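A structural walkthrough
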Amino acid sequence: MDPAPTRIDVLVASVCAAGGVLLVLLRTRSGVGWAPTWAEAATQVGAAALLLARSRHPLVVLAGCAAASIVSPVIATLGAAHATGLYVTSSRVSVGAMLAAVTVTWPTWLLTSESTGPSVLWAGIVILLFAYAAGSLQRLQQDADADRAARAEADARAAERAALARDLHDVVSHRMSYAVVEAEVLRTASTDDAVRRAAQEIGTSCRDALAEMRTVLHALTAEGGGPGAGRDDGVELEARVGEARKAGQPVRVVGAAAAHSPPDVVDRTVLRVVGEGLTNAVRHAPGAATVVELDDRGRELRVSVRNEAPTRPPTGLTTGGFGLTGLRERVELLGGRLDAGPTTDGGYRLRAVLPRGPA
């Protein structure tokens, strides 16, 4: 089922209908045309009504308006030409349709020009083509904007994946480094040759695995500014809350999460969620009471940042809309889920549920 006409469709149809009726009145006073006044007026209004479907069936609407122009030079043809340039993606098809429309409407404009002069004929054709060109340029601009938005979102996802890879590297390398140290201690302390060989093999395997992981990490972050790009290591929850408070945001922390040394991937993702939530609150609801809530259930960690309705106008600062995109990608990669949206009291809440692996 086709969607209902938009407000823009209704506005364009109304303007073309009014303009068409006015044109009929002027043509009647000038004695131009061959059809009765009522027939021309009905044709203008009927063709304008076709514009309600211009975004869904632009070629059909153009054909209808061109056919109606046999009775009277239909103003709605301009709206149909604009819609053809805007909504028809194939340039070959749209140009062919416009040439056909000009061919069909030519006799009517030619008849009109017999009493008004050839300038009206050429002016009508130029305006028709100008409407088509305006629609084509608008479509090209929309396509360019969509491409830029898609590239920016892809870059945000790539950067988030690279950051997650760095976090995984830090956690795994820490654990494996301890394994290497313990294997070396076992190798030097044991007098059993079999144990010493096994310990040496464990240490060698761990070193090789670390080297391979660093190679993969380098490939993942080659386009993201290197291994240190975008890192926020060492910035803890208290520091993030303190920064928001210094900016004038009243923040209250409820609950706590089990601490890990070093912080694991889930811990760092919690910091990212809190940081994103507090940043959005400071930007869009400055001065509003804000609550950071942590609920550590062992196998699952829940974190939310909720602010009340804004008490002052927003700062006007924006992030381009990709902070939540990257954050949602990170949370989903960890098997969790992220929800963000307004609350019933006019505030806003960002909430993540993150599963924890076995300790």
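Residues numbered from 1 in each chain as written. Predicted model: local features only at pLDDT ≥ 70, side-chain atom pairs only at ≥ 80, totals over all residues. Heavy atoms only, no water.

Examining the overall build of the chain
Put simply, the test is: Strands here mean DSSP runs of E at least two residues long; helices mean DSSP runs of H or I at least four residues long; both are numbered from the N terminus. The buried label applies to any residue whose accessible area, calculated with a 1.4 Å probe on protein chains only, is under 20% of its type's maximum; exposed applies above 50%, and partly exposed to all values in between. For this analysis, residues touch if any pair of their heavy atoms sits within 4.5 Å. Here the Shrake-Rupley method, with its probe set to 1.4 Å, supplies the accessible areas, and only the displayed protein chains count as covering residues.
Looking only at helices and strands, one finds ten helices and five strands in the chain. The buried share of the chain, taken over its 359 residues, is 36%. Put simply, 70% of the contacts in the chain that link residues at least 6 apart link residues at least 24 apart. Of the roughly 19800 Å² that the chain leaves accessible, carbon and sulfur atoms contribute 61%.

Describing the packing of helix H8 (residues 237-246) against helix H9 (residues 265-284)
Threshold: Lines fitted to the C-alpha atoms define the axes, with helices restricted to the stretch that makes contact. Angles between their N-to-C directions range from 0 to 180 degrees. Small angles under 35 degrees read as roughly parallel and large ones over 145 as roughly antiparallel, with 65 to 115 read as roughly perpendicular and the rest as oblique.
Remark: H8 packs on H9, axes separated minimally by 10 Å, with the N-to-C direction vectors making an angle of 5°. If you check the angle between H8 and H9, you find them roughly parallel. Contacts between H8 and H9 involve Leu237, Arg240, Val241 and Ala244 from the first element and Leu271, Val274, Gly275, Leu278 and Val282 from the second.

Concerning the side chain of Ser94
Quick reminder of the rule: Any N or O atom pair separated by 3.5 Å or less is treated as a polar contact, with the protein-specific requirement of one donor-capable and one acceptor-capable atom, and with residues adjacent in sequence counted only for side-chain atom pairs.
On the secondary structure map, Ser94 appears in helix H5 (residues 91-116). There is a polar contact of 2.7 Å between the side chain of Ser94 and the side chain of Tyr132. Once residues within four sequence positions are removed from consideration, Ser94 is found in contact with Thr84, Val88 and Tyr132.

What to know about the pattern of salt bridges
Quick note on the threshold: Between Lys or Arg on one side and Asp or Glu on the other, a salt bridge is scored when a side-chain nitrogen of the former is within 4 Å of a carboxyl oxygen of the latter.
Counting across every chain of the model gives eight salt bridges. With its nearest N and O atoms 2.2 Å apart, the salt bridge here joins Arg148 to Asp145. Residue Arg148 and its partner Asp145 are located together in helix H6 (residues 118-189), separated by three residues, close to a single helical turn. As a salt-bridge pair, Arg302 and Glu300 come within 2.9 Å of each other at their nearest N and O atoms.

Regarding the nonpolar core
To keep it simple, the criterion reads: To define a nonpolar core, start from buried Ala, Val, Leu, Ile, Met, Phe, Trp, Tyr and Cys residues and group those joined through side-chain atoms within 4.5 Å.
Judged by nonpolar contacts, the single largest core of 24 residues is most densely connected at Leu51 and Ala76. The element that contributes the greatest number of residues to this core is helix H3 (residues 58-68), accounting for five residues. Setting aside its immediate chain neighbours within four residues, Ala76 contacts Cys16, Ala47, Ala48, Leu51 and Cys65.

Details of the sheet that holds strand E1 (residues 251-254)
For clarity, the cut-off: We call two strands paired when DSSP finds no fewer than two bridges between them.
Strand order in the open sheet formed by five strands is E1-E2-E3-E5-E4, with mixed pairing between adjacent strands. Sheet topology places E1 and strand E4 (337-342) at the edges, where each strand pairs with a single neighbour. Neighbour to neighbour, the strand axes of the sheet diverge by 10° on average, direction disregarded. Relative to strand E5 (residues 348-355), E4 runs antiparallel, the two being bridged by six bridges. Across the sheet, the residue bridging to Gly341 is Arg349, located in E5. Where H8 meets the sheet, its contacts fall on E1 and strand E2 (290-296), and the angle it forms with E1 comes to roughly 155°. Each of E1, E2, strand E3 (300-307) and E5 touches H9; the most contacted strand, E3, lies at about 10° to it.

Let's talk about a nonpolar patch on the surface
Put simply, the rule reads: The patches reported here contain residues having more than 30% relative accessible area and no salt bridge. Joining distances are 9 Å for like charges and 5 Å for nonpolar side chains (Val, Leu, Ile, Met, Phe, Trp, Tyr).
On the surface, a nonpolar cluster with roughly 420 Å² of combined accessible area is contributed by Val21, Leu22, Leu25, Leu26 and Val45. Sorting elements by how many residues they give to the nonpolar patch places helix H1 (residues 7-30) first, with four residues. Positionally, Leu26 belongs in helix H1. With relative accessibility at 47%, the residue Leu26 sits in the partly exposed group.

A closer look at H8
Worth spelling out the cut-off: Taking the helix axis as origin, the arc is that swept by the directions to the C-beta atoms.
Turning to H8, its buried residues are Leu237, Arg240, Val241 and Ala244. The arc that holds the buried residues of H8, viewed along the axis, is 95°, so those residues lie on one side. Every exposed residue of H8 that faces more than 90 degrees away from the buried side is listed here: Glu238, Glu243 and Lys246. Gly248 sits one or two positions beyond H8 and adopts a positive phi of about 95°.

Things to note about the pairing of E5
By the bridge criterion, eight bridges tie E3 to E5 in an arrangement that is antiparallel. Bridging from a neighbouring strand, Asn307 pairs with Tyr348 of E5.

A word on the packing of H3 against helix H4 (residues 76-87)
How we decide: Less than a right angle of anticlockwise turn of the near helix away from the far helix marks a crossing as left-handed, whereas a clockwise turn marks it as right-handed.
Contact geometry of H3 with H4 gives a least axis separation of 9 Å together with a crossing angle of 155°. The angle between H3 and H4 places the two elements in the roughly antiparallel class. The two elements H3 and H4 cross, and the hand of that crossing is left-handed. Between H3, through Pro58, Leu59, Val61, Leu62, Cys65 and Ala66, and H4, the contact on the second element is made entirely by Ala76, Thr77, Ala80, Ala81, Ala83, Thr84 and Tyr87.

A look at the side chain of Ser304
The topology assignment puts Ser304 in strand E3. Since its relative accessible area comes to 11%, Ser304 is described here as buried. Every residue in contact with Ser304, bar those within four places of it in the chain, is listed here: Val291, Val292, Glu293, Leu350 and Arg351.

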